[in-house]
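Structure assessment
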Amino acid sequence: MKEHPILMNAAMVRAVLDGSKTQTRRALKRQPDYPIIIATDPHTNRYQIGEREPVTEAALLRASPYGQPGDRLWVRETFGYVSPDEQQRPHSECKIEYRADLAPGCTDRPGQWPIDECKGDPERPRWRPSIHMPRAASRILLEIVSVRVESLQDISEADALTEGVRLDKAGGFFIDGADGRHASPVDSSAIEAFKSLWESTGGSWAANPWLWVIEFKRVMP
């Protein structure tokens, strides 16, 4: 069993913690030069990459940067260190707070310091980007259930729901993103809500990129 870090924004973290998110999709850093055709022949079980030699499914999945089923992912999220007495202290003596625990839209700094009171004061606590989170500060540990490769538009209605999409009282679907809530029209689909979120991050739905699809279960907390 190996451990790998994975970045999640505050909305993702909240969805993981409330149990509505059990899958995550990440674009392949290097998109194939040719379309990937997933063979349907049960005797070959191969991915065909354009005119190139076929690649076995096992060989492709071994390249997953997020690990294999049974491996674990420790979540990196926006966090901050809070000193117990407002004096600068080593991180080991500080309390760790997480941006995702604040209400969406709240601009307070760690320790509930209003942002206006922190301007120009380098000693006040500050939020640290998720990429800088050390392993010791991570509170969420996930176990990979499955890994596969799939094009963006192949997401199913059921899988969109496991990305954290929920049904609202009006009969439509919504998903929370880093920039707010993304809702689909009433009597629409969970896929439409996920599409809205994807495009809000600068991704192109029309480009239909190939993605790693990681299904997971929470180990802690």
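Below, the structure is looked at part by part. None of these values were measured; they are calculated from a predicted model.

Moving on, we come to the overall build of the protein chain. Each helix and strand in the protein chain was counted, giving five helices and 13 strands. Sequence-distant contacts, at least 24 apart, represent 65% of the contacts inside the protein chain between residues at least 6 apart. Total accessible area on the protein chain is roughly 12,500 Å²; 51% of this is exposed by carbon and sulfur atoms.

Time to look at unusual backbone geometry. At the junction of Met-220 and Pro-221, the peptide bond is cis and its omega measures out at 5° in the coordinates. The residue Pro-221 is located in the segment after strand E13 (210-220) in this model. One non-glycine residue with positive phi stands out, namely Asn-208, at about 50°. With respect to the helices and strands, Asn-208 occurs in the loop between helix H5 (190-200) and E13.

In this section: the packing of aromatic side chains. Following the criterion strictly, the structure yields two aromatic pairs and no others. Taking the centre distance of 5.4 Å and the plane angle of 85° together, the rings of Phe-79 and Tyr-81 count as edge-to-face. A single burial state applies to Phe-79 and to Tyr-81, both of which are buried. Judged by centre distance (6.2 Å) and plane angle (40°), the rings of Phe-194 and Trp-198 are tilted. Note that Phe-194 and Trp-198 are positioned in helix H5 at a spacing of four residues, about one turn of the helix. Like Trp-198, Phe-194 is buried. For the cation-ring pair, Arg-139 lies above Tyr-98, with the distance from its terminal atom to the ring centre recorded as 4.1 Å. Directly above the ring of Phe-174 sits Arg-181, whose terminal nitrogen or CZ lies 4.0 Å from the centroid.

Turning to H5, its buried residues are Ala-190, Ala-193, Phe-194, Leu-197 and Trp-198. Taken end-on, H5 shows its buried residues confined to a sector of 140°, consistent with a single buried face. Summarising the contacts, the buried residues of H5 are in contact with strand E2 (23-27), helix H4 (157-162), strand E11 (173-177), strand E12 (180-183) and E13. Trailing H5 by a residue or two, Gly-202 shows a phi angle of about 95°, which is positive.

This part is about the side chain of Ser-184. Here Ser-184 is to be found in the loop between E12 and H5. Looking at Ser-184, its side chain comes within polar contact range of the main-chain oxygen of Ser-189, at 3.2 Å. Beyond its immediate stretch of four places on either side in the chain, Ser-184 contacts Gly-172, Phe-173, Ser-189, Glu-192 and Ala-193.

This part covers the sheet that holds strand E10 (residues 166-167). Spatial strand order, E10-E11-E12: three strands in an open sheet with antiparallel pairing. Of all the strands in the sheet, the pair left with one neighbour each is E10 and E12. Strand direction decides the pairing type here: E11 and E12, joined by four bridges, are antiparallel. Within E12, the residue paired with Phe-174 across the bridge is Ala-183. Of the strands in this sheet, E11 and E12 are in contact with H5, which crosses E11 at around 25°.

What counts, and where the lines are drawn
- Residues numbered from 1 in each chain as written.
- Predicted model: local features only at pLDDT ≥ 70, side-chain atom pairs only at ≥ 80, totals over all residues.
- Heavy atoms only, no water.
- Helix = DSSP H or I, 4+ residues; strand = E, 2+ residues; numbered from the N terminus.
- Contact = heavy atoms within 4.5 Å.
- Areas by Shrake-Rupley, 256 points an atom, 1.4 Å probe, with all protein chains shown as cover.
- Phe/Tyr/Trp six-rings, centres within 6.5 Å; stacked < 30°, edge-to-face > 60°.
- Buried < 20%, exposed > 50% of the residue type's maximum accessible area, 1.4 Å probe, protein only.
- Lys NZ or Arg CZ within 6 Å of the ring centre and 35° of its normal.
- Arc of directions from axis to C-beta.
- Polar contact = N/O pair within 3.5 Å; in protein donor to acceptor, adjacent residues only side chain to side chain.
- Pairing = 2+ DSSP bridges.
- Axes fitted to C-alpha atoms, helices over the stretch in contact; angles between N-to-C directions.

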